[in-house]
Amino acid sequence: MNERYAKQTILPEIGPAGQARLGASSVLCVGAGGLGCASLPYLVGAGVGRVTIIDADVVDRTNLQRQVLFGEASLGQPKAAAAAARLTDLNPMVEIEALEQRFNAGNAEALIRGHDVIVDGSDNYATKYLLADACVKFDRPLVYGSVTGMEAMATVFHARRGPCLRCLFPQAPTGWVPNCAEAGVLGPLVGMTGSLQAAEAVKLLASPDGAMNTLIGRLWIMDIRDTRQQIIAVRKRPDCPVCSQAPSTIELLADDVEVREIGPREAHELPDCRLFDVREPDEYAAGHIPGAISLPLSTLQDGQARIPSGTRCLIYCESGARCRPAAVHFKAAGYREIFSLRGGRKAWQAAA
Ligand SMILES: [Zn+2]
């Protein structure tokens, strides 16, 4: 028996058979941020045979508060590669692959089919929904985790055995999972959530016959402000927009939000188009394009805004810089065509 795994192999729930299953298994971790940094060392330490890490980001100093695989020496390095280097030192027996790219609709199938269990370490809802839909389509258990501020959630989605993400939340409420770049987050809470994800992944892999109960059909919720924990039952919805469909018909939407920049003249000719002003209220009050609805970017990002439904919209700010971050929220609200006004409000005025 490998000495490295002695402390878990003696557990009756794992045993030599469970350890052998772990060694023959593979995990895909989408994201090497706070959740990935917490789950990956335990997965690699436990002796999962093969681990793939996909992340397109580089390490910056604000990450170090919670992304514990990195240090000062990692600043500016790709997260996937920096995490892989640290993890290889932790356990050189594990085959670790680092992919410095985004998880997207194009690479989803090969990545998901190529692994036994998928761990969601992403920090934005576009990726979370794409990943969750892809795991339904390609039939893999997804160990889900999310942390916003002082609150965390974790569960296991496996449509064959229980609900999927869209049974729980049919679509991403705007601002529901703000990016860590936009909202604060408590480091230790991220660590707890990622550790729990690692534990669920190890259980799924070491004991696939269900000898241990996983979080399939149960949602763990932690409010760390008063350390209040809940586990609530989540049921499969017969009318779920994704897992009630035949897997072959599930459509994966590209996660990259496409925003087309257009000039004022072209904008005037767009049919059935809602117009939104994403500047702050004082800027809107000081003057806006007639008919524009005020939805400040700050309220979209903190989840305060309710976006009226529609399929096509034109958004504008002062110069255009705020349109792209705002567009993510319109896409999540169901808009299929999103345009931004080239040159912002100034260009509109100049053209009028
Ligand atoms: Zn579902």
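Our structure is the block above this text.
Residues numbered from 1 in each chain as written. Predicted model: local features only at pLDDT ≥ 70, side-chain atom pairs only at ≥ 80, totals over all residues. Heavy atoms only, no water.

Colleague: How should I be thinking about the packing of aromatic side chains in this particular structure?
Modeller: Each aromatic ring pair is described using two quantities: the centre-to-centre distance and the angle formed by the ring planes. For the coordinates displayed, the defined rule picks out four aromatic pairs. Look at Tyr144 and Phe157: their rings are 5.4 Å apart centre to centre, the planes differ by 65°, and that puts the pair in the edge-to-face class. With Tyr144 in strand β5 (residues 142-148) and Phe157 in strand β6 (residues 151-157), the pair connects residues that are 13 residues apart, well separated along the chain. The exposure class of Tyr144 is buried, given its relative accessible area of 0%. Relative to Tyr335, the ring of Phe276 has its centre 6.1 Å away and its plane inclined at 90°; by these criteria the two rings are edge-to-face. Separated by 59 residues along the polypeptide, Phe276 in strand β10 (residues 274-277) and Tyr335 in the loop between α12 (323-332) and β13 (337-341) bring together distant segments of the chain. Ring-pair connections join several aromatic residues into one group, and the members of that group are Phe276, Phe330 and Tyr335. (Phe/Tyr/Trp six-rings, centres within 6.5 Å; stacked < 30°, edge-to-face > 60°. Helix = DSSP H or I, 4+ residues; strand = E, 2+ residues; numbered from the N terminus. Buried < 20%, exposed > 50% of the residue type's maximum accessible area, 1.4 Å probe, protein only.)

Colleague: Would you explain the sheet that holds strand β7 (residues 218-223) in this entry?
Modeller: Two strands in a sheet stick together by hydrogen bonds in their backbones, pointing the same way (parallel) or opposite ways (antiparallel). On the basis of which strands lie adjacent, the open sheet formed by eight strands has the order β3-β2-β1-β4-β5-β6-β7-β8 and mixed pairing. Where the open sheet ends on each side, the last strands, each with one partner, are β3 (95-99) and β8 (228-233). Strand-to-strand twist across the sheet, computed as the mean angle between neighbouring axes with direction ignored, equals 15°. Pairing between strand β1 (residues 26-30) and strand β4 (residues 117-120): four bridges, direction parallel. Bridge pairing in β4 links Cys29 to Val119. Docked against the sheet, helix α8 (residues 187-206) engages β1, β4, β5, β6 and β7, running at close to 175° with respect to β5. (Pairing = 2+ DSSP bridges. Axes fitted to C-alpha atoms, helices over the stretch in contact; angles between N-to-C directions. Contact = heavy atoms within 4.5 Å.)

These figures come from the coordinates and say nothing about function on their own.
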